[in-house]
Structures are given as structure tokens and as C-alpha cells.
Amino acid sequence: MPDIDFQQLTDYAKQFTGLTKEQEDILIELSQEIKPYLPRITDSFYEVLLAIPKAQPFLEGRVETLKQTHIHWLEQVFSGPYDANYSQAMYHVGDVHVRVALPVEFMVGAMTLVGVRLTEVLGEILIDDPSRLNKATTAVTSALGFTLMVMQQSYESSRLSEELDKFLKITGMSRTLFDNLASVYK
């Protein structure tokens, strides 16, 4: 894993997505109410993915395991904290997606699907409390954006690593020499 300051990434992603402590508290307050719906959300999510031919090779023989991982992640969305440890874990998830060559647009599309399903469920749960529903959907949108932003950093790191590898190959420079030269400019 590249040398990443996960606290700095966390702060940046929170700033960019507007995820606040108040929103994190809203998500935590919702955790027990939404938990019974997480398997339904996950089943719906994978039902859509399985209908996408380009997604099927990434799912073959793994759907039940992936569903359990997905439910666990959704539980984390509603339990927090959104800290450097969460960012490191989500970066790792993104890194796994990079290693299996999952197209980056799958992450954007998948996060959108999750957001839609969560919004639908929140609408059911909070139908009698429009103010709380508004705050909850805003918190979910910020949290999912935060998560996506962190996961996509692994794609950017991978792209930069590939470009560096090309540079080293073209120049004939060793990685050690490059690292030593780069350390002088830190």
C-alpha cells in the first residue's frame, strides 16, 4: 500500500463531501432502525448487479460471500466512526477492486444504487418525520460520497504507480535510485 496519510485523506474527504460530526451522529442514531433492512437492500443491490452482463464475471460464485461483506460494510456506514481507520479500510476495499480490475465506473454506479436503496428505506422508516428524513438522506449522501472518494484514491494511486513504472522502464532508472532522489525533495 502506498505511503498515505489516512488522517489527511479523511479530513480532505470530509471537507469535500460535507460529512460532519452531526451527520455521523444521525447515522449512528439510525443504526438500529435501519439494520433489519440491510439484507433487503443488499439483495436488491446484487439483483441489479447480476442483471448487468459486464458485472457478472466479478460476481460468479461469490455472491453470497459478497453479500455478507456488503451487509457488514452497511453496518459500518451506520456505526462510524468516519476516521483514519475507516478511511484505511475503505482504501483497502478500493485497492482490492483495483487488483481484480473492476472498472472504476462500477464503484460509482454501485454507490449510486446503494444510495437509492437506502433513501427508499429511509423514506419508509421516517415517513412521518420529514425533517428527520431530510437530515438522514443528507447524512447518507455525504457518507457514501466520503466512502466512494476514499475508495477511488486507490485507483489514482494505482494509475500513478503504473506511470512511475513506465518512467522507470523508459529511463532505465532503478526504483531504489528514484526513491532516493525523491526523498531529497520531500
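Residues numbered from 1 in each chain as written. Predicted model: local features only at pLDDT ≥ 70, side-chain atom pairs only at ≥ 80, totals over all residues. Heavy atoms only, no water.

(A) Structural view of the overall build of the chain. Scanning the chain from N- to C-terminus turns up 9 helices and 0 strands. When each of the 186 residues of the chain is scored for burial, the buried share is 39%. Accessible area of the chain: about 10,800 Å², with a carbon and sulfur share of 57%. (Helix = DSSP H or I, 4+ residues; strand = E, 2+ residues; numbered from the N terminus. Buried < 20%, exposed > 50% of the residue type's maximum accessible area, 1.4 Å probe, protein only. Areas by Shrake-Rupley, 256 points an atom, 1.4 Å probe, with all protein chains shown as cover.)

(B) Spotlight on the packing of helix H3 (residues 38–50) against helix H7 (residues 104–125). H7 packs onto H3 with a crossing angle of 145° between their chain directions and a minimal axis gap of 10 Å. Judged by the twist between their axes, the crossing of H3 over H7 is right-handed. Here Arg40, Ile41, Ser44, Phe45, Val48 and Leu49 of H3 lie close against H7, whose contacting residues are Ala110, Leu113, Val114, Arg117, Leu118, Val121 and Glu124. When its residues are assigned to classes, the contact of H3 with H7 shows 9 nonpolar, 1 polar and 3 charged. (Axes fitted to C-alpha atoms, helices over the stretch in contact; angles between N-to-C directions. Left-handed = near helix turned anticlockwise from the far one by under 90°. Contact = heavy atoms within 4.5 Å. Nonpolar A, V, L, I, M, F, W, Y, C, P; charged D, E, K, R; others polar.)

(C) Focus on the layout of surface pockets. What the largest pocket holds in volume is close to 720 Å³. Every residue lining the largest pocket is counted, 27 residues in all, and those nearest its centre are Tyr46, Leu66, His70, Val93 and His97. Among the elements that make up the lining of the largest pocket, the one with the highest residue count is helix H5 (residues 63–77) (7 residues). Residue classes in the lining of the largest pocket are distributed as 20 nonpolar, 6 polar and 1 charged. (1 Å grid on protein atoms, 1.4 Å probe; cavity = no way out; pocket = protein on both sides within 12 Å on 5 of 7 lines; lining within 4 Å. Points joined across faces, edges and corners; volume = space filled by probe spheres on them.)

(D) Quick peek at helix H6 (residues 84–99). The terminal C-alpha atoms of H6 lie 22 Å apart, and with 16 residues this matches the ideal 22 Å at 1.5 Å per residue to within 8%. Restricting attention to buried positions, one finds in H6 the residues Ala84, Tyr86, Ser87, Met90, Tyr91, Gly94, Asp95 and Val98. At the N-terminal end of H6, a side-chain oxygen is found 3.1 Å from the backbone nitrogen of Asn85, two or three residues along, and the residue is Asp83. Just downstream of H6, Ala101 is the residue with a positive phi angle, here 65°. (Expected span 1.5 Å × (residues − 1). Polar contact = N/O pair within 3.5 Å; in protein donor to acceptor, adjacent residues only side chain to side chain.)

(E) Quick look at the side chain of Thr10. Inspection of the secondary structure assignment puts Thr10 in helix H1 (residues 6–17). Those residues within four positions of Thr10 in sequence are excluded, and the remaining contacts are Tyr82, Asp83, Ala84, Ser87 and Phe146.

(F) A look at the nonpolar core. Counting 50 residues, the largest nonpolar core has Trp73, Phe78, Tyr82 and Leu118 as the members making the most contacts within it. Looking at this core, the elements that each hand over two or more residues are H1, helix H2 (21–34), H3, H5, H6, H7 and helix H8 (130–171). Top element by residues in this core is H8. It accounts for 11 residues. Residues contacting Phe78, with those up to four places away along its chain left out, are Leu27, Ile28, Leu30, Ser31, Ile34, Leu118 and Val140. (Core = buried A, V, L, I, M, F, W, Y, C linked by side-chain atoms within 4.5 Å.)

(G) Structural view of the packing of aromatic side chains. According to the stated counting rule, one finds 7 aromatic pairs in the structure shown. With centroids separated by 4.9 Å and ring planes inclined at 85°, the aromatic side chains of Phe45 and Tyr46 adopt a geometry described as edge-to-face. With respect to class, Phe45 is no different from Tyr46; both count as buried. Ring plane angle 25° and centroid distance 6.1 Å describe the contact between Tyr86 and Phe146, whose orientation is recorded as stacked. Of this pair, Tyr86 sits in helix H6 while Phe146 sits in helix H8, and the two are 60 residues apart along the sequence. For Tyr86, a relative accessible area of 4% corresponds to the buried category. Clustering of aromatic rings is evident, with ring pairs tying together Tyr82, Tyr86 and Phe146. (Phe/Tyr/Trp six-rings, centres within 6.5 Å; stacked < 30°, edge-to-face > 60°.)

(H) The pattern of salt bridges, seen in detail. Enumeration according to the criterion identifies 8 salt bridges in this entry. One salt bridge connects Arg40 with Glu124, and the closest N-O pair in it is separated by 2.7 Å. Remark: Glu124 occurs in helix H7 and Arg40 occurs in helix H3; sequence separation between them is 84 residues. Residue Glu124 is classed as partly exposed on the basis of its relative accessible area of 41%. In this structure, the salt-bridge partner of Lys54 is Glu105, at a minimum N-O distance of 3.5 Å. Linking Lys54 in the loop between H3 and helix H4 (56–59) with Glu105 in helix H7, this pair joins segments that are 51 residues apart in sequence. Using a relative accessible area of 43% as the deciding quantity, one classes Glu105 as partly exposed. Three or more residues are tied together by salt bridges with common partners; here these are Asp43, Glu64 and Lys67. (Salt bridge = Lys/Arg side-chain N within 4 Å of Asp/Glu carboxyl O.)

So far we have only geometry, and geometry alone does not tell us how the molecule works.
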